[in-house]
Amino acid sequence: MTSQEPASGEQSLTPFVSLRSYRGFEKYLASAERMKVVSYCTSPRMILELFEEHGLTELEVIVGEKTDFREEIKSVNVARELEQYKRNGDLLIYLSPDRDIHAKLYILEDEHGEITILSGSPNFTDTAWTGHYQVNCLDVFTCDPGSEWDQRALDLYSEYRELCDDAPFLEDLTQELENSDDPPEEIIERWLAVSDVEDENEVQEFHGKITDRLGELGPDVDAKEAIHESLQKYSDKTHSDLQELFGDFDITINDMMFRSSIGEYGRAVEINYDLPKCWITPDAVHLITSAGTHIHLTEPLPKPHVVDAGLANIEAYIETVDFAETDDAGAAKAHMYEAVLYFFWAPFVNQYAKAFGAGRVNDVEKSVPFLYIHGEPNAGKGTFLEFALRLISDNTVLGPIDGATVGSRTPNTIREPVTAFPVAFDDLERQLFDRLGRLRNYWDSWDGKLFPAVIITSNENKPKKWFLQRSKMLHFKLMFSGQSQARMQMREIVEEKNPIYKWFTHLYLQREFQMSDLVDDETGRDDILAIVRKTVKDLYEFADRSLPPYFPERPAEWEHDVGRQRWLEAIERNYVRIKRRNDRFVATFDSDITPYEINNSYLHNLPKHIRARRAHNDVWITSDEAFEQWLQREIPTGDGLGSKIKSYLPFSRHNPRS
């Protein structure tokens, strides 16, 4: 075993260290006071031992295995101790939800400030050593804090950290412990019982069977007609759950049979789940209202002037933006109309999920996105949800669900009633996103049952990174002042009965769905609402009504992109230099711009299809042509690589280098 020492600095490298026992590995860890670790596998027990037996004071761990780390915690006591270290600021554990990080990197700092860096094969767990005669190999670097080796290791650690959730593991448990009056042991037990793997849900299976019965009735549905389902095959727990759901309604339910009118069943579903029963047949969209009546959400087009009045109602609502304070009314109106189009699309989301391979292909959520609407308080987000829900329900669904009710089982609960009607949560606080982890794999268990589209509004401009990657982001960049006259006009518009959605679905259901129809000709990207845009434009044509100038003929977040505006402002104000390095674009931000600001204002505002990572004040952009297309600017190359961009050439989407 040899040691290599550079010419200057207190640095040394001992390569190819062979480890044949856990004790040989432990001696390096035991000498550390502070640690940063990247490890594919990590042991909760080993974490606690380092704090309790070796005097570790600070530990930050990136767990590279794409899993719910709760599965590794075997007891309430271990969870309580880990949470306490996290609450005190001594322990941070980060999970990588979208990809495995197989690297093993240990950055150790002892009580004297000396840095030891380990790079090799050992995972951060002792279980593999105890059960097998395992051999590992390490390269051992020692160096001063701030040295080149130390900085390179920290840069690599930061690169891996960018792949992880924003919030540390256990943050959701901390929130539940702080916000609940239940005994801590019960809270922790519930938390440990939740995993990313969906529980077997026979109640959902029951609702699916009823949905099948409803679909078999075809277009003519009588809410007074009886439906029934045998309960003999269901477990005792499911019998109990069904009794709890339907016991207070005019429904016959016993160990053998469920029997109800269609209307009473639909009324029970709406009251229990805050979601109406909605399903789709080849020629109609059906809905059972909270009053227990059946309505068709599909009708042939009436005379053009009637359709014109329906479109005028939508425009009247969107043009209430003129009552608000905004620095770009056109962009605000475009984003609002885009949100209307998403609501029109939402009941058909299962059609798209099937086309993208839900249940067979991972990450379908990224192709069939949730809707996230953000804006400041008083931006009208809640009122918009009411308007849009009324619009797609023939004025029978009068409001969204309070975001404060979101819990860790919400993603499963909203799928349980098997309905095509979207679920809309209003005013979700940022920390509550930790309770929605199962949305990461929302479509993985899809087998043809109807799942609702998910719509969320919040004051937060950036949700959790994993949710951001799975969402269509719209910005209501406005603020209503609260004038009485404006509020009264708004209420009249919102409450006006408008059958426009019935005519939309009539036209939409006549279209044949083709994946190629979603591809935007200019960018090659999928526009999930492309067919919806065409159908709404057909309504305008039928009514002989001109499209308003703010109608989003391409996704509003593409045409009016907040992130692009921030990048362009940074370039124009000389906050950033963009040049080529190793055949990549590198954006170097001024030193007075903090890494947090770079992440939140610039890196995280790049579109999902542009790959980029940050290292210190540099953002490395590997999707160079896509970056130019998105920025709508050509970035000079050649002799002036290091100069700041001061002028821009006209941009051609088809050939950005022409």
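Here the residue numbering is sequential within each chain, running from 1 through the sequence in written order. For a predicted model such as this one, the threshold for reporting local features is a pLDDT of at least 70, and the threshold for listing and counting side-chain atom pairs is 80 or more; totals across whole chains, interfaces and linings nevertheless cover every residue. Side-chain metrics in this entry use all non-hydrogen atoms of the structure; hydrogen atoms and water are not considered.

Novice: A description of the pattern of salt bridges should follow, citing residues and the corresponding values.
Specialist: Any carboxyl oxygen of Asp or Glu that lies within 4 Å of a side-chain nitrogen of Lys or Arg is treated as forming a salt bridge with it. Going through the model one piece at a time under the given rule, you end up with 38 salt bridges. When the shortest N-O distance is used, the salt bridge between Arg34 and Glu33 registers 2.8 Å. Taking the shortest distance from any N to any O, the salt bridge between Arg545 and Asp308 comes out at 3.0 Å. Of the two residues, Arg545 is situated in the loop between α19 (530-543) and α20 (556-559) and Asp308 in helix α11 (residues 304-318); the sequence distance between them amounts to 237 residues. Burial status follows relative accessibility: with a 1.4 Å probe on protein chains alone, a residue under 20% of its type maximum counts as buried, one over 50% as exposed, and anything between as partly exposed. According to the relative accessible area criterion, Arg545 is partly exposed, its value standing at 24%. In this description a helix means any DSSP run of H or I spanning at least four residues, a strand means any run of E spanning at least two, and both kinds are numbered starting from the N terminus.

Novice: Pulling in residues and values, what's your account of the sheet that holds strand β11 (residues 277-281)?
Specialist: Whether parallel or antiparallel, the strands of a sheet pair through hydrogen bonds between backbone atoms. If you walk across this open sheet you meet the 3 strands as β11-β12-β13, and the pairing is antiparallel. For this open sheet the edge positions go to β11 and β13 (294-296), each flanked by a neighbour on one side alone. For this sheet, the mean angle separating the axes of adjacent strands, direction not counted, is 20°. Relative to strand β12 (residues 284-288), β11 runs antiparallel, the two sharing 5 bridges. The residue bridging Cys278 from the neighbouring strand is Leu287, located in β12. Note on contacts: a residue pair qualifies if any of its non-hydrogen atoms lie within 4.5 Å across the two residues. Only the stretch in contact is used when fitting a helix axis, every axis being a line fitted to C-alpha atoms; angles between N-to-C directions are given from 0 to 180 degrees. Across the sheet, helix α10 (residues 262-273) is in contact with β11 and β12; its angle to β12 comes to roughly 75°. A pair of strands counts as paired when DSSP detects no fewer than two bridges linking them.

Novice: If you had to explain helix α12 (residues 329-345) to someone new, which residues and values would you point to?
Specialist: Counted at 1.5 Å a residue, the expected span for α12 with its 17 residues is 24 Å, and the 24 Å between its end C-alpha atoms agrees. Within α12, 15 of the 17 residues are buried, which leaves the element mostly enclosed by the surrounding structure. In this scheme, a helix's expected span is set at 1.5 Å multiplied by one less than its residue total.

Novice: Tell me about the packing of aromatic side chains, and name the residues and values.
Specialist: Pairing of aromatic side chains here covers Phe, Tyr and the six-membered ring of Trp, requires ring centres within 6.5 Å, and sorts the geometry by plane angle: under 30 degrees stacked, over 60 edge-to-face, intermediate tilted. According to the stated counting rule, one finds 40 aromatic pairs in the structure shown. An angle of 80° between the planes, with centres 5.3 Å apart, marks the rings of Phe25 and Tyr106 as edge-to-face. Here Tyr106 lies in strand β5 (residues 105-109) and Phe25 lies in helix α1 (residues 22-30), a separation of 81 residues in the sequence. In terms of burial, Phe25 and Tyr106 fall into one category: buried. Between Tyr337 and Tyr550 the ring centres are 6.3 Å apart and the planes differ by 40°, which places this aromatic pair in the tilted class. Highlighted residues: Tyr337 in helix α12 and Tyr550 in the loop between α19 and α20, separated in sequence by 213 residues. Tyr550 shares its class with Tyr337; the two are buried. Against the face of Tyr94 rests Arg161, its NZ or CZ located 3.5 Å from the ring centre. Only when the NZ of Lys or the CZ of Arg is both within 6 Å of the ring centre and within 35 degrees of the ring normal is a charge said to sit over the ring. Sitting over the face of the ring of Phe585, Arg580 holds its NZ or CZ atom 4.4 Å from the ring centroid.

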